[in-house]
Amino acid sequence: MARVGTALRELRGAQKSAKGVSLYSRFVNRPAGRYLAAGSYALGLTPNQVTLVSAAFSFAAVAAVALAAPSWGLGIAVWAALAVGFAFDSADGQLARLRGGGSAAGEWLDHVVDCAKLTALHTCVLIAFHRFPEAYGTGSDGWLLVPLGFQFAAVVTFFGGLLTEKLKPKPAPGSPAAAPSTLRAVALLPVDYGVFCLVFVLLGGGALFRWAYAGLGAVAVLFLLAFLTKWFRELSAVRR
């Protein structure tokens, strides 16, 4: 326990900037990840092992969406597994910083798992819509386009944001970090992965899940257009 307490104290001073982070990630997921990182440190786990734990929770939930008939119990279990997987996704980076820094291979593994998780989750919603049309009310083939559109928006947003961060010039060492905007943190809630996971609680609601999922998909497309415009404008000023 003493080792966990020491790790928690060190982690409080080793957090990433809250700029561009939603309220959920800032006040729920990162604090949860901090406790998981401290526990993982006490157990002697490596950041890559924590990434694989995150993947195990996430892909178990993803498989359940595709394979199991929808119910309220399934929805709660899927949401819980996705939320725990997301918290471990935050923990791996925090653990790496606690251990003195991560590796290029670790960062690569983290991003590959994130991309695979996003792609698989929407693919499995599509499979569920196809396998259980009576439960979801997705007898029309048009509904199968919704997960495809959502997947497109999610993956392009993920890749575009990642590439933008790589191409933007790094701030000078010692420069003060920009203060996080509360308004921006609230505005980003609809496209926060942790908030998105909550929609799976509605799996037992059938049509309720379908419409909530479709609504978040529409919001994701609108945010993608806004993000692409913003990122292109920012990078247009960068000379290489």
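In case you missed it, the structure is sitting above this.
Positions within a chain are numbered from 1, following the residues in the order the chain's sequence is written. Under the rules for a predicted model, residues below a pLDDT of 70 receive no local features and side-chain atom pairs below 80 are neither given nor counted, while totals for whole chains, interfaces and linings still include all residues. Heavy atoms throughout the structure, all of them, feed into the side-chain values; hydrogens and water do not.

### Some thoughts on the side chain of Q151
Part 1 of the reasoning: Helix and strand labels come from DSSP, where a helix needs a run of H or I of at least four residues and a strand needs a run of E of at least two; each type is numbered from the N terminus. Along the polypeptide, Q151 turns up in helix α7 (residues 145-167).
Part 2 of the reasoning: Under the relative-accessibility criterion, Q151 is labelled buried at 17%.
Part 3 of the reasoning: Q151 has contacts with T119, H122 and T123, leaving out every residue within four places of it along the chain. When accessible area is computed with a 1.4 Å probe and restricted to protein chains, residues below 20% of their type maximum are described as buried, those above 50% as exposed, and intermediate ones as partly exposed. The contact definition used throughout considers only heavy atoms, calling two residues in contact when any of these lie within 4.5 Å.

### Observations regarding the packing of aromatic side chains
Part 1 of the reasoning: The criterion for an aromatic pair is that two Phe, Tyr or Trp rings (for Trp, the six-membered ring) have centres within 6.5 Å, with stacked assigned to planes under 30 degrees apart, edge-to-face to planes over 60 apart and tilted to the rest. One pass over the structure, following the stated rule, counts 17 aromatic pairs.
Part 2 of the reasoning: In textbook terms, an aromatic cluster arises when at least three aromatic residues are bridged by ring pairs, as seen for Y24, F86, F129, Y136, F150, Y193, F196, F200, F209 and Y213.
Part 3 of the reasoning: Consider the ring centre and the ring normal. A charge sits over the ring if Lys NZ or Arg CZ is within 6 Å of that centre and within 35 degrees of that normal. Positioned over the ring face of Y193 is K117, at 4.5 Å from the centre of the ring.
Part 4 of the reasoning: Positioned above the aromatic ring of W143 is the side chain of R210, whose terminal nitrogen or guanidinium carbon lies 4.5 Å from the ring centre.

### With respect to α7
Part 1 of the reasoning: In this model, α7 (23 residues) spans 32 Å end to end at C-alpha, consistent with the 33 Å of a helix rising 1.5 Å per residue.
Part 2 of the reasoning: Among the residues of α7, those classed as buried are P147, F150, Q151, A153, A154, G160, G161 and T164.
Part 3 of the reasoning: The secondary structure elements touched by the buried residues of α7 are α5 (104-131), α9 (193-197) and α10 (207-236). An expected span of 1.5 Å times one less than the residue number is assigned to each helix.

### Here's the deal with helix α2 (residues 23-43)
Part 1 of the reasoning: Its 21 residues place the ends of α2 30 Å apart at the C-alpha level, agreeing with the 30 Å of an ideal helix rising 1.5 Å per residue.
Part 2 of the reasoning: At N29, α2 shows its maximal bend, which comes to roughly 30 degrees, and the proline P31 appears one to four places after that position.
Part 3 of the reasoning: All of the buried residues along α2 are Y24, S25, N29, R30, P31, G33, R34, A37, A38 and S40.
Part 4 of the reasoning: N-cap assignment for α2: the residue whose side-chain oxygen lies 3.3 Å from the backbone N of Y24 is S22.
Part 5 of the reasoning: Directly after α2, the chain includes G44, whose backbone phi takes a positive value near 80 degrees. One axis is fitted to the seven residues ending at the residue and one to the seven starting there. The bend at that residue is the angle between these axes. Side-chain atoms alone can form a polar contact between residues adjacent in sequence; in general such a contact is a pair of N or O atoms within 3.5 Å, and within protein one must be able to donate a hydrogen while the other accepts it.

### Section: the packing of α5 against α7
Part 1 of the reasoning: As a packed pair, α5 and α7 sit with axes 8 Å apart at the nearest point and diverge in direction by 165 degrees. Judged by the inter-axis angle, α5 sits roughly antiparallel to α7. Where α5 crosses over α7, the handedness of that crossing is right-handed. Between α5 and α7, the contacting residues are E107, H111, D114, C115, L118, T119, H122, T123, V125, L126 and F129 on the first element and P147, L148, F150, Q151, A154, V155, F158, L162 and K166 on the second.
Part 2 of the reasoning: Polarity classes work like this: nonpolar for Ala, Val, Leu, Ile, Met, Phe, Trp, Tyr, Cys and Pro, charged for Asp, Glu, Lys and Arg, and polar for all others, with Gly in that last group. Residue composition of the contact of α5 with α7, by class: twelve nonpolar, five polar and three charged. For helices, the axis comes from a line fit to the C-alpha atoms of the stretch in contact; other axes are also lines fit to C-alpha atoms, and the angle between any two N-to-C directions lies between 0 and 180 degrees. For classification purposes, angles smaller than 35 degrees are called roughly parallel, those larger than 145 roughly antiparallel, those between 65 and 115 roughly perpendicular, and all remaining angles oblique. The hand of a helix crossing depends on one turn: near helix anticlockwise from the far one by less than a right angle means left-handed, and clockwise means right-handed.

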